[in-house]
Amino acid sequence: RNMSRSSSRTARAPSSGGGEAPAEDADGGGDGTRTPSAQGMADGGEPEAPNPLVMMQDILDKLKILDYETKFAEEQMSSKLLHQAYFSIPHPKPNEQFYYFTSLFSWLMRLNHLTFQRPEQFDDPNTTVANMMEAMKRARLSVDYPMQKVKQGYGEAVCVVLSLLCDAALEKAGFKIGTPVYPTDNYPEEAPVDEDEEVSADIADTVAAVDDDDDDDEMYTVAPEKQKQEVRENKIMESSIDPNAWKVEVENVAPLLRMRVEVDNKEWRTHLEMTKELQEGIHAKVPGTKEQLTKLSGTISAAVEQISTREKYINSQYKNLVDEYREMQEQLQEVSKRYDERNRDVSDLTNELTRISENLEVIRSQMDERGESMKDTGPLVRLKDAMKKLRKDIKDMDLRVGTVSHSLLHIKMAQELNKHEDNNAKASNDDDDY
């Protein structure tokens, strides 16, 4: 019974000293990593929007795998390489940034075994973006962004397009990213136990604790037999166990009774000691680092002041040229405005010419049909044949009419003759009567 109580105390001891273990399990291991569901969702339960800065770093890694530094930058862009935020933020020269994007797009399309003509630097951006979106459809890569976002040459839409093309190019090249392999933790599960250590004092304390617990338990369990044990308590207790056998048993059991403390790197005491060591190291390095930063700050301030002075001097020297440049720029804007107006006029006239040409084609087709119908003698031949047949039918009909008229005349004459004979017969009969 005493052994079970001591084991229960041993089992409860770590929970009282390291109460952060359940919290670490609840957080997914206590190593500071988030679960996949927590990483892919925002606070409101909706998927997080892609971050262009993070996507640009990923795109740069994929381009390095595709060896764009040698096969693209050196051959097409004069060895100009990308930095980790090139397509995620606006560039001081938007035209140059957009040209780099279109050139990289055409190169990635060739890696995907698709034809796409590389646009020139000063081509119409609207036409270029429309061709790019059509090429994405041919590659079966869906991009749910408007053309204006892609036309900017930077931002989320551009990074998504490049990321999809890089993934497709890596897949065409047969490159696959495997799962990471993490090293195993070779930490000792149990603290080493010294078998030769003397434990006589621990055993004595344990035996005393056992006697106290037994006395407490007997006070409640043997109360009904108190009268029967009064005589036994007055007698002298004698042990029948051999002292040597008792010592041998104590030596055998003592190592099993020791409490083994496992070393846990996630235990808060270890974290506290590590934090103290790091804090001491930081305090030791602060003076030297502060001195270096102070010198660096002074150097930078002097350089900035020198640059500002030089800038003012250059502005004062080239003021006339700047004014002339502004005038030329205004004139260029006016000329560009007139050019746009003329372009609109040309577009309107071109549309009108197209409409007139279509009407002319329709009229020409109608005239051709009428001319062909006029040259065709088939209807006339058929009309002549019909006239001949009609004349023949008329002759036959006239012959039949004449025959019928002649027959009717004979019948009529016969009737009149018979009538005349009848009249004569009657007249003769009347004369005979008289």
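Before going into details, it helps to say that this report is about the structure given with it. None of the values given here were measured: they were computed from a predicted structure.

About the cut-offs
Per chain, residues are indexed from 1 in the order of the written sequence. A pLDDT threshold of at least 70 governs which residues receive local features in this predicted model, and a stricter bar of 80 or more applies before side-chain atom pairs are shown or counted, although totals over entire chains, interfaces and linings include all residues. Side-chain numbers come from the whole structure's heavy atoms, not from hydrogens or water. Surface patches are drawn from residues lacking salt bridges whose relative accessible area is over 30%; two like charges belong together within 9 Å, two nonpolar side chains (Val, Leu, Ile, Met, Phe, Trp, Tyr) within 5 Å. With residues, only the protein chains shown are counted as cover, and all accessible areas are computed by Shrake-Rupley using a 1.4 Å probe. Any carboxyl oxygen of Asp or Glu within 4 Å of a side-chain nitrogen of Lys or Arg constitutes a salt bridge here. This count recognises Lys and Arg as positive and Asp and Glu as negative, with His and chain-terminal groups excluded. Charged groups are reduced to one reference atom each: NZ for lysine, CZ for arginine, CG for aspartic acid, CD for glutamic acid. Helix and strand assignments come from DSSP, with helices taken as H or I runs of at least 4 residues and strands as E runs of at least 2, each series counted from the N terminus. Contacts described as polar in this section are N or O atom pairs within 3.5 Å, which, within protein, must combine one atom able to donate a hydrogen with one able to accept it, while residues neighboring in sequence count only if both atoms come from side chains. Residues count as neighbours in contact if any of their non-hydrogen atoms are within 4.5 Å of one another. Between the rings of Phe, Tyr and Trp (Trp by its six-membered ring), a pair exists once the centres lie within 6.5 Å; its type follows the angle of the planes, with under 30 degrees stacked, over 60 edge-to-face, and the other angles tilted. For the exposure calls, accessible area comes from a 1.4 Å probe over protein chains only, and a residue counts as buried if that area is under 20% of its type's maximum, exposed if over 50%, partly exposed in between. Residues grouped as a nonpolar core are buried Ala, Val, Leu, Ile, Met, Phe, Trp, Tyr and Cys residues, joined through side-chain atoms within 4.5 Å.

**Topic: a positive patch on the surface**
A cluster of like positive charges, contributed by Lys384, Lys388, Arg391 and Lys395, occupies part of the molecular surface. Looking at the secondary structure, you find arginine 391 in helix α15 (residues 378-433).

**Observations regarding the side chain of glutamine 97**
Tracing the backbone through its elements, the reader meets glutamine 97 in helix α6 (residues 94-111). Within the structure, glutamine 97 has its side chain in polar contact with the backbone nitrogen of histidine 91 (distance 3.3 Å). Setting aside chain neighbours within four positions, we find glutamine 97 in contact with Tyr86, Phe87, Ile89, Pro90, His91, Gly153 and Tyr154.

**Structural notes on the packing of aromatic side chains**
For the coordinates displayed, the defined rule picks out 9 aromatic pairs. Here the aromatic rings of phenylalanine 87 and phenylalanine 101 are separated by 6.1 Å at their centres, their planes lie at 65 degrees, and the arrangement is edge-to-face. Note that phenylalanine 87 is positioned in the loop between α5 (68-76) and α6 and phenylalanine 101 in helix α6, a separation of 14 residues in sequence. Both residues of the pair, phenylalanine 87 and phenylalanine 101, count as buried. When the centroid spacing of 5.1 Å and the interplanar angle of 75 degrees are considered together, the rings of phenylalanine 105 and phenylalanine 116 count as edge-to-face.

**Concerning a negative patch on the surface**
A contiguous patch of negative charge, built from Asp323, Glu324, Glu327, Glu330 and Glu334, is present on the exposed surface. Among the secondary structure elements, aspartate 323 is positioned in helix α14 (residues 319-375). The class of aspartate 323 is partly exposed, set by a relative accessible area of 33%.

**Description of the nonpolar core**
Burial of nonpolar side chains together is a common tendency in soluble globular proteins. Core analysis: the biggest nonpolar cluster contains 40 residues, and Leu63, Leu82, Phe87, Phe101, Leu104, Phe105 and Leu108 have the highest contact counts within it. Listing elements by their share of this core, those giving two or more residues are α4 (52-65), α5, α6, α7 (125-138) and α9 (156-172). In terms of residue count, α9 provides more of this core than any other element does, 10 residues in total.

Fair warning: the whole summary comes from geometry, so function is off the table for now.
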